[in-house]
Amino acid sequence: MEEKGISQAVIGRLPRYFRYLGELKDEGVERISSQELSGLMGVTASQIRQDFNNFGGFGQQGYGYNVEFLYSEISRILGLDKTHHLIIIGAGNLGQALGNYMNFERRGFILKGIFDKNPALHGKKVREIAVQPMETVEQFVRENNIDIAVLTIPKSSAVEVAEVLVANGIKAIWNFAHVDLHVPEGILVENVHLSDSLMKLSYNLERYSQSKKEQG
């Protein structure tokens, strides 16, 4: 199935479709129309149909979508039908919170190791996984078929750490460090800047407050 040229906006909506369809499946819903899904998600029915048509459509006019089938297909498109091994670099509050998030494993993301340069954290366990010193990360990545590294470290060390990880076979980086990483072609990076999201919320809150004042 042809999937080239699909916009990042469409790709960005796929996890949301997956989440809603999972909830519908758990509730025992067997079929749903684009109009009904639109009402739940706040995305227009035409947008939903356009998004799904990028991957073959999945539905029939007048029949709607089979929820379980569509859930499985989106899971496949997102690569959730495979297992990915990941490590966390940085065992501070954010790193430990991510390590304790059980939903990752239900999606096929298996936490294999946690690393930190702070000796005070070495041996501390996060869901039975002991924090290891950074000196061991290179060998660990090579020997444990690690696909993804999660960076929850200061930006001052993120670039250097990313270079080491890539040199030892990491294929993708989920980056929470407050710096945009530039990596070789073929290495995937998803930057998550929490403060950017908060500032976006602040902007929308300010616009909403101004609108209320103008109304009266």
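Residues numbered from 1 in each chain as written. Predicted model: local features only at pLDDT ≥ 70, side-chain atom pairs only at ≥ 80, totals over all residues. Heavy atoms only, no water.

1. Some words on the sheet that holds strand β7 (residues 148–151)
Where we set the bar: Strand pairing is defined by DSSP finding a minimum of two bridges between the two strands. Helical segments are the DSSP runs of H or I of at least four residues, strand segments are the runs of E of at least two, and each set is numbered from the N terminus.
A sheet is described by the order of its strands in space; here 7 strands give the open sequence β5-β6-β4-β3-β7-β8-β9, paired in mixed fashion. Each edge of the open sheet is held by one strand with a lone partner, namely β5 (125–126) and β9 (188–191).

2. Examining the nonpolar core
This is how it is decided: We call a set of buried Ala, Val, Leu, Ile, Met, Phe, Trp, Tyr and Cys residues a nonpolar core when their side-chain atoms join them within 4.5 Å. The buried label goes to any residue with under 20% of its type's maximum accessible area, the exposed label to any with over 50%, and the partly exposed label to all in between, with areas taken from a 1.4 Å probe on protein chains only. By definition, residues are in contact when any of their heavy atoms lie within 4.5 Å.
One finds Y17, L37 and F52 to be the most contacted residues of the largest nonpolar core, which totals 23 residues. Listing elements by their share of this core, those giving two or more residues are α1 (8–26), α2 (34–41), α3 (45–53) and α4 (67–77). It is α1 that contributes the most residues to this core, 7 residues altogether. Leave out the neighbours within four places in its chain, and L37 touches Y17, L24, I32, I48 and F52. The next biggest cluster of nonpolar side chains, apart from the first, holds 20 residues, and it includes A149, A162, I170 and I173.

3. Some details on the pattern of salt bridges
Just so we agree on the cut-off: One side-chain nitrogen of Lys or Arg within 4 Å of one carboxyl oxygen of Asp or Glu is enough to make a salt bridge.
In this structure the tally under the stated criterion is 6 salt bridges. E73 is the partner of R76 in a salt bridge, and the nearest nitrogen-oxygen pair spans 3.1 Å. Taken together, the residues span about one helical turn, with R76 and E73 both in helix α4 at a distance of 3 residues. Its relative accessible area of 33% is what places R76 among the partly exposed residues. D147 is the partner of K171 in a salt bridge, and the nearest nitrogen-oxygen pair spans 3.9 Å.

4. Things to note about the environment of L14
Examined against the element boundaries, L14 turns out to sit in helix α1. Between the C-alpha atom of L14 and that of S75, which follows or precedes it by 61 residues, the distance is 9.1 Å. Setting aside residues no more than four positions away along its own chain, L14 makes contact with F55, I74, I77 and L78.

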